[in-house]
Amino acid sequence: QVQLVESGGGLVQAGGSLRLSCAASGRSFDTWTMPWVRQAPGKERGVVSAISSFTVYADSVRGRFTISRDDAKTTVYLQMNSLKPEHAALYYCAKAFRYPYNIDSNHDHWGPGTQVPVSS
């Protein structure tokens, strides 16, 4: 059984930084493609970054967010720098089982998410 649990969220001042973690359990983690997904009220849900043997970023976060993974710890990270109020959202990680990674129907597992409020 695959389980994903996020942590590291919390209130941050605009311009500040947070590092989110996604702790995963399951077999063959090193073969998984792992997206980070952002969901905010009144806004479309979307993938902000993903990692397998490569990394990809949405244009809105490129140069601001950095995704990484530690296969020995079966954990994926999202370093978020220079945060703005518009970045405030629920962030959750997911496991993509097929390409394209940014389509919800191609995700077979996801975590409950962690909240990132950004104050002005």
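For the structure, see preceding data.
Residues numbered from 1 in each chain as written. Predicted model: local features only at pLDDT ≥ 70, side-chain atom pairs only at ≥ 80, totals over all residues. Heavy atoms only, no water.

Student: Sorry, what's going on with the overall build of the protein chain here?
Tutor: Scanning the protein chain from N- to C-terminus turns up zero helices and 12 strands. Each helix and strand of the protein chain, placed in order from N terminus to C terminus, yields the pattern β-β-β-β-β-β-β-β-β-β-β-β. For the protein chain, the C-alpha radius of gyration of 13 Å lies close to 14 Å, the compact-globule estimate for 120 residues. Relative to its full complement of 120 residues, the protein chain shows a buried share of 42%. Restricting the contact set of the protein chain to residue pairs at least 6 apart, pairs at least 24 apart contribute 56%. Counting 12 positive and 9 negative side-chain charges, the protein chain places the centres of these two groups 2 Å from one another. (Helix = DSSP H or I, 4+ residues; strand = E, 2+ residues; numbered from the N terminus. Rg over C-alpha atoms; globule rule 2.2 N^0.38 Å. Buried < 20%, exposed > 50% of the residue type's maximum accessible area, 1.4 Å probe, protein only. Contact = heavy atoms within 4.5 Å. Lys, Arg positive; Asp, Glu negative; His and termini not counted. Charge placed at Lys NZ, Arg CZ, Asp CG, Glu CD.)

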